[in-house]
Amino acid sequence: MSAKAVREYHGKKLIARHVAALSEHRIDDRSVLITPDTDLRSPPEPWLTETKLVVKPDQLIKRRGKAGLVGINLDWPSVVQWISESMGKEQQVEQVVGVLDHFIVEPCVPHQQEDEYYLCIHSNREGEEILFTAEGGVDVGDVDAKAQRLLVPIDDKSFSVERIVPILNGVPEARVGKVASFLLTLLNVYRKLNFVYMEINPLVYKSDGRIAPLDLAAKLDETAAFLNATDWGHLDFPAPFGRIDYPEESYIRELDSKTGASLKLTILNPNGRIWTMVAGGGASVVYADTISDLGYGNEIANYGEYSGAPSTDHTYEYAKTLIGLMTKEKDPRGKIFLIGGGIANFTDVAATFTGLIKAIHAFQEELKLHNIQIWVRRAGPNYQEGLQLMRTCGKETDLPIHIYGPETHVTAIVPLALGLEKVENFPEFDDPSHLGANRKRETNEENPKKKQKRPDYVGQVADHEADHKVENFTAMTRCVVYGLQNRAVQGMLDFDFMCKRAKPSVAAMIFPFAANHFVKFYWGTDEILMPVYQSTEEALSKHKEVTVVVNFASFRSVYDSVMEILEYSDQIKTIAIIAEGVPESQTRAFIKVAREVGGVDEYQVCEALKEGRISKPMVAWCIGTCASIFPFEVQFGHAGALAHGNLETARAKNQALKEAGAHVPENFFEFGNTLKQLYQSLVDAGTLVPRPEPEPPKIPMDYSWAKRLGLVRKPAQFISSISDDRGEELTYSGMPISEIFEKDLGIGGVLSLLWFRRQLPPYATKFIEMILMITADHGPAVSGAHNTIVATRAGKDLVSSLASGLLTIGPRFGGALDDAAIMFTEASDAGLDAEQFVKDMRKQNKLVMGIGHRIKSLTNPDKRVEIIKKYALENFSGNTVLEFALAVEQVTTKKKANLILNVDGCIAVCFVDMLRTCGAFSNQEADEIIKNGSLNGLFVLGRSMGFIGHFLDQRRLKQGLYRHPWDDISYLDATDV
């Protein structure tokens, strides 16, 4: 779990509010939080001058009373003086030194020593444990020894006051009922709000019969924020006392909140010499462990990790922040930058390294100035390209970068960087010694001890011992994958194929958000179809052989999906949960018996070793040994594991395992050597008989991967030059969508980017929007609107009805714009006289497109034409084609008054003038835009608004099926034709 401590101020407010909501108990929640920004010249709350007060730092400091950090029974002026003397003061509390800058002020509660009780609630694997003693206060003593304990199981929903009464020894009988009721309410609040720790000392029984928590230390499960954010309200998770909350840490937290990946950073010693950038929660811990165990713990500058396939940009920001920190202060010895990680599952190493390399290039001069040595160890998807990119970076920047891959122990770069191991013993990733052809393998002839007959290789078949409670994943086990995780499934199938399984281990997939279908995968070189089911019930009923579920549901939905799967426990024996950040309350609820890594399970292993229940040799190591060097709590990895007592520390567990008979190395770097030595001793004793390594089947490389590695190329089937959704942000013709909104380009601006790949001036984009507005509709009688209405009334959906209307657009309806633009433009460019142009059209028996209206004339002009014409004449730098069209209008109206330049013609000629004079296009480019049909496209786009309006109008009016009346149809027979 990710247990985060909250300020006493926020914790008390939270508890008081929810205690009142769940019971009749009431807690006086009057308190104020004083920060450096608080104006103390006047009291923040009126009650501060009406009662005696208590003031103390609110910065997660333990045992404040013993440290003399509590002001009691003060008036407001005295509180102000107390805070003024303490604010900004450096204070040592035990081994930790920090600056006082946050204080809580609350009413003083008069009481006697016998009114003080001690209460602690904390969560463990089995449930919530309540510790209570009737002797509370500063001198409470050894709580573990004197407190009464009561465990409330996770699934106990009927816990009652009567169950609490037995632990209230020493509480006066008259108070027992109320105290027990209060504790029950507090437990309910604890569980409701996902607290993981709550200590109240003292808990005071007041003279008026109310109960008051005087001092509170509390932690919440941060991963439960999606469940409890509303209940929690505003609160912060301050850094432990003595550790500065750096702005760089806040920046990384903000980045982390905006990505599905995990980005964590804790600055331990800004002047430290050893900086780490480690991929993966577990790897980040073992790197810190190794540095610490080798005696360099005081040199560690930071703890953190990046994992979960962060983007190139996020990796760049993370690396830039780290390098910026490490180059703030010089160290005469130089510094070490460890870029480490294990073998990634899904993270593209080359993609993340691209961001890292960008940061190294940006800071190359600073890295040289500070004499920073860079050591890299990484493996996983695309690692070869990533390491090669890093090698190129080293050559281009002339920086000392040492690079290793999976052939080297995961933490080997730590002793190498510290000078504790010889570099020549650890060849880098591109050293020829790593090539299979050059790798020397020991033979039986070279080592007589190993000379023995080896049986032919046979595939291992796991046994099913009767006393096993866990379903082993054998060569016959089959599973279903919950979630549409194609990449993960293909990886599992490839592994199955290499292991020579007869059938894929994945039988099916479950995806609740789509109907049943099939997905294509590769089995070796063959293509197979895998069923995807919408329901868990159907998937499991059709695949009775399945005993395992690999659940890829997110942390928000995994609880419901696991609870559903558990309903099929007669068939499903193992559920693998991939989600990170699942609230501990949910985890414990659905998996009481499946223990999470951490806690005290290791001691059960110790007992099994001692009792002989585990008889095989065991090599063991518990990570987290670096915890003891930190003067404050540091949560490890994205899971946020924390030790809650000495028994839970990694060092204590390792010592216990060693004493129980396990083979425990001195540090994680030695783990491989310990394993090798044990293996060799078993071989020498004849206990193990090595078998030849089988040659695994070859897995063809996917095309996408081969292309990424530069091994193949293939012409694209499609080319697009107007938009790109591959990066961090959608772009239109290279312009990020955020910039489009920042510049307020509007619909006209977006259209110009997507249609013409140009950013047009504002008057031009406004003109485009005017066209869309004017062409939006022309009443219900025109053919397109009529068709839309008829289709709508026939019960068709919006898209079908819209398509029905759009399909009527052509030469006789709405399609004259392109032809009018071409006709007028060609005549104008040719220098024709308007009268001659009309005569030529008449001779060719062609209509002049864009001329003529059913009722409008020069004396009764079309308002739409007037609006367009006026805007063009006032805003365009040239109106050559419009002026020619108006000259033609003077000729045609002499013949007939309604042969005016109509709205189609006016839009067409003005649009040509706009394209030609806006400065974005040459005349040739403008002509090509017209010939490509952009004007008709504008009509289609504009008129679609009207057609959709007619669809919605008919639906709103609930109009029935349209049938054309008989009396409006002339029925003719053959003799009439």
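Residues numbered from 1 in each chain as written. Predicted model: local features only at pLDDT ≥ 70, side-chain atom pairs only at ≥ 80, totals over all residues. Heavy atoms only, no water.

Helix and strand counts for the protein chain stand at 33 helices and 28 strands. By the compact-globule yardstick of 30 Å for 977 residues, the protein chain is too spread out, its C-alpha radius of gyration being 38 Å. Considering only C-alpha atoms, the protein chain reaches an extent of 110 × 95 × 70 Å along its principal axes. Out of the 977 residues belonging to the protein chain, those deemed buried represent 47%. Put simply, the protein chain shows about 50600 Å² of open surface, and 52% of that area lies on carbon and sulfur atoms. When the 107 basic and 128 acidic side-chain charges of the protein chain are each reduced to a single mean position, those positions are 4 Å apart. (Helix = DSSP H or I, 4+ residues; strand = E, 2+ residues; numbered from the N terminus. Rg over C-alpha atoms; globule rule 2.2 N^0.38 Å. Buried < 20%, exposed > 50% of the residue type's maximum accessible area, 1.4 Å probe, protein only. Areas by Shrake-Rupley, 256 points an atom, 1.4 Å probe, with all protein chains shown as cover. Lys, Arg positive; Asp, Glu negative; His and termini not counted. Charge placed at Lys NZ, Arg CZ, Asp CG, Glu CD.)

A full pass over the atoms with the stated rule returns 45 salt bridges. What emerges from the salt-bridge pattern is a single network uniting E8, K12, K56, R64, E106 and D215. (Salt bridge = Lys/Arg side-chain N within 4 Å of Asp/Glu carboxyl O.)

Strands sit in the order β22-β23-β21-β20-β24-β25 across an open sheet of six strands; the sheet is mixed. Every other strand in the sheet has two partners, leaving β22 (517-523) and β25 (574-577) as the edge strands with one partner each. Here the strands of the sheet are splayed against their neighbours by 30° on average, with no regard to which way each runs. Where β22 lies against strand β23 (residues 526-533), seven bridges are found, and the strand directions are antiparallel. (Pairing = 2+ DSSP bridges. Axes fitted to C-alpha atoms, helices over the stretch in contact; angles between N-to-C directions.)

Attention now moves to unusual backbone geometry. Trans peptide bonds make up most of the peptide bonds, and negative phi angles are found at most residues other than glycine. Between N201 and the following residue, P202, the backbone shows a cis peptide bond with an omega angle of 5°. When you line up the elements, P202 lands in strand β11 (residues 195-205). Of note, the phi angle at N73 is positive, near 60°, even though the residue is not glycine. Considering the arrangement of structural elements, one finds N73 in strand β4 (residues 71-74).

This paragraph deals with the sheet that holds strand β28 (residues 735-736). Strand order in the open sheet made by the three strands is β26-β27-β28, with antiparallel pairing throughout. Pairing within the sheet leaves two strands with one partner each, and these edge strands are β26 (723-724) and β28. Across two bridges, strand β27 (residues 731-732) lies against β28 in antiparallel orientation. Bridging across to β28, T731 finds its partner in P736.

In this section: the nonpolar core. One recurring pattern in soluble globular proteins is that nonpolar side chains are buried together. Counting 60 residues, the largest nonpolar core has F824, F837 and F911 as the members making the most contacts within it. Of the residues forming this core, the biggest block, ten residues, is contributed by helix α31 (residues 903-917). Other than its neighbours up to four places away in sequence, F837 contacts M823, F824, A827, L832, V848, F884 and V888. Core analysis: the next-biggest nonpolar cluster, separate from the first, contains 44 residues, I15, I27, A180 and L184 among them. (Core = buried A, V, L, I, M, F, W, Y, C linked by side-chain atoms within 4.5 Å. Contact = heavy atoms within 4.5 Å.)

Time to look at the UniProt feature "domain: CoA-binding" (unreviewed entry) in the protein chain. Per the UniProt record, "domain: CoA-binding" (unreviewed entry) is found at residues 476-581. With 27% helix and 33% strand, residues 476-581 has end C-alpha atoms that lie 32 Å from one another. (UniProt positions renumbered as here; feature names shortened; annotations may be inferred.)

One way to put it is that helix α27 (residues 816-829) packs onto helix α30 (residues 880-895) with a least axis distance of 9 Å and a crossing angle of 100°. The orientation of α27 with respect to α30, classified from their angle, is roughly perpendicular. Counting all contacts with α27, which are made through F824, T825, A827 and S828, the residues of α30 involved are T880, V881, F884, A885 and V888. Tallied by class, the residues present in the contact of α27 with α30 amount to six nonpolar, three polar and no charged. (Parallel < 35°, antiparallel > 145°, perpendicular 65-115°, else oblique. Nonpolar A, V, L, I, M, F, W, Y, C, P; charged D, E, K, R; others polar.)

On to helix α8 (residues 281-296), then. Judged by how many residues are buried, α8 sits mostly within the fold: twelve of 16 residues are covered. All of the buried residues along α8 are G281, A283, S284, V285, V286, Y287, A288, D289, T290, I291, S292 and D293. Residues of α8 that are buried in the fold lie against β15 (274-279), β16 (302-307), β17 (335-341), β18 (372-377), α13 (413-417) and α19 (650-660).

Taken as a whole and assessed by the stated rule, the structure comprises 21 aromatic pairs. With centroids separated by 6.0 Å and ring planes inclined at 20°, the aromatic side chains of F668 and F671 adopt a geometry described as stacked. Assessed through its relative accessible area of 23%, F671 is described here as partly exposed. Arranged with centres 6.0 Å apart and planes meeting at 50°, the rings of Y763 and F876 form a pair that is tilted. Placement of the pair is Y763 in helix α24 (residues 762-774) and F876 in the loop between α29 (863-875) and α30, with a sequence separation of 113 residues. The buried category is assigned to F876, whose relative accessible area is 6%. An aromatic cluster of three or more residues is present, and its members are W755, F756, F911 and F921. When the ring centre of W47 is taken as origin, the NZ or CZ atom of R30, which lies over that ring, is 5.5 Å away. Sitting above the plane of the Y316 ring, K358 keeps its charged end 4.4 Å from the centroid. (Phe/Tyr/Trp six-rings, centres within 6.5 Å; stacked < 30°, edge-to-face > 60°. Lys NZ or Arg CZ within 6 Å of the ring centre and 35° of its normal.)

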